[in-house]
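Survey of secondary and tertiary structure
What follows is each chain in one-letter form.
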Amino acid sequence: MKALVLKDEQFVTDAKGKRVGVLLDVKTYEHLREAEEELTDIRAYDTARPKVAADIKAGRVSSLSDYRAKRAAKRQ
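Residues numbered from 1 in each chain as written. Predicted model: local features only at pLDDT ≥ 70, side-chain atom pairs only at ≥ 80, totals over all residues. Heavy atoms only, no water.

**Considering the pairing of strand β2 (residues 19-23)**
We count it as follows: DSSP calls a pair of strands paired once it identifies at least 2 bridges connecting them. Helix and strand assignments follow DSSP, with helices taken as H or I runs no shorter than four residues and strands as E runs no shorter than two, numbered in order from the N terminus.
Pairing between strand β1 (residues 10-13) and β2: 4 bridges, direction antiparallel. Bridge pairing links F11 to V22 in β2. Hairpin remark: β1 followed by β2, antiparallel, with 5 residues in the connecting loop; positive phi at G17, about 90°.

Below is the structure:
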């Protein structure tokens, strides 16, 4: 089987010449997937940030050491 080397984007067209798909090399595809995942993480952070800031301002947070101390006390 002969390897396909893509130098530029290549489009798949239908019988009327309308673009219906695109061929990408694996490196470009993986780069796009990583960028998509990073953007998803950024959006999740931006969504959660106001609630976390409000919880901190209202004093509804505790340190990890306080949490562990409470858990240990419940076990006894």
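Still to come is the rest of the account.
**Digging into helix α2 (residues 64-75)**
The condition is simple: Expected span, for any helix, means 1.5 Å times one less than how many residues it has. The buried label applies to any residue whose accessible area, calculated with a 1.4 Å probe on protein chains only, is under 20% of its type's maximum; exposed applies above 50%, and partly exposed to all values in between.
Helix length check: α2, at 12 residues, gives a terminal C-alpha distance of 17 Å against a target of 16 Å (1.5 Å per residue), a fit within 8%. Where burial is concerned, little of α2 is hidden: 0 out of the 12 residues are buried.

**Comments concerning a nonpolar patch on the surface**
Rules: Patch membership requires more than 30% relative accessible area and the absence of a salt bridge. Residues of like charge join within 9 Å; the nonpolar side chains Val, Leu, Ile, Met, Phe, Trp and Tyr join within 5 Å. Only the protein chains shown count as cover for residues, and all accessible areas are computed by the Shrake-Rupley method using a 1.4 Å probe. Put simply, a salt bridge is a Lys or Arg side-chain nitrogen that is within 4 Å of an Asp or Glu carboxyl oxygen.
A contiguous nonpolar surface patch, about 440 Å² in accessible area, is contributed by F11, V22, L24, Y29 and L32. Within the secondary structure, L24 is located in the loop between β2 and α1 (26-58).

**Structural notes on the pattern of salt bridges**
Under the definition given, this model contains 3 salt bridges. Note that R33 is salt-bridged to E36, the shortest N-O span being 3.3 Å. Placement of the pair is R33 and E36 together in helix α1, with a separation of 3 residues, close to one helical turn. Using a relative accessible area of 38% as the deciding quantity, one classes R33 as partly exposed. Overall, the relative accessible area of 43% leaves E36 in the partly exposed class. Between D55 and R60 there is a salt bridge, with the nearest N and O atoms lying 2.8 Å from each other. Owing to a relative accessible area of 16%, D55 belongs among the buried residues under this scheme. The class of R60 is exposed, set by a relative accessible area of 56%. Several salt bridges converge on common partners, so that one network encompasses K51, D55 and R60.

**Quick look at α1**
Cut-off, in case you're wondering: A residue's bend is given by the angle between axes fitted to the 7 residues ending at it and the 7 residues starting at it. Identification of polar contacts relies on pairs of N or O atoms within 3.5 Å, with a donor-acceptor requirement for protein atoms, meaning one able to donate a hydrogen and the other able to accept it, and with residues adjacent in sequence counted only if both atoms are side-chain atoms.
A rise of 1.5 Å per residue sets the reference length of α1, with its 33 residues, at 48 Å; its end C-alpha atoms lie 48 Å apart and thus fit the reference within 8%. Taken as a whole, α1 carries its principal kink of about 35° at R49; the proline P50 stands between one and four residues after it. At the N-terminal end of α1, a side-chain oxygen is found 3.2 Å from the backbone nitrogen of K27, two or three residues along, and the residue is D25. Just downstream of α1, G59 is the residue with a positive phi angle, here 80°.

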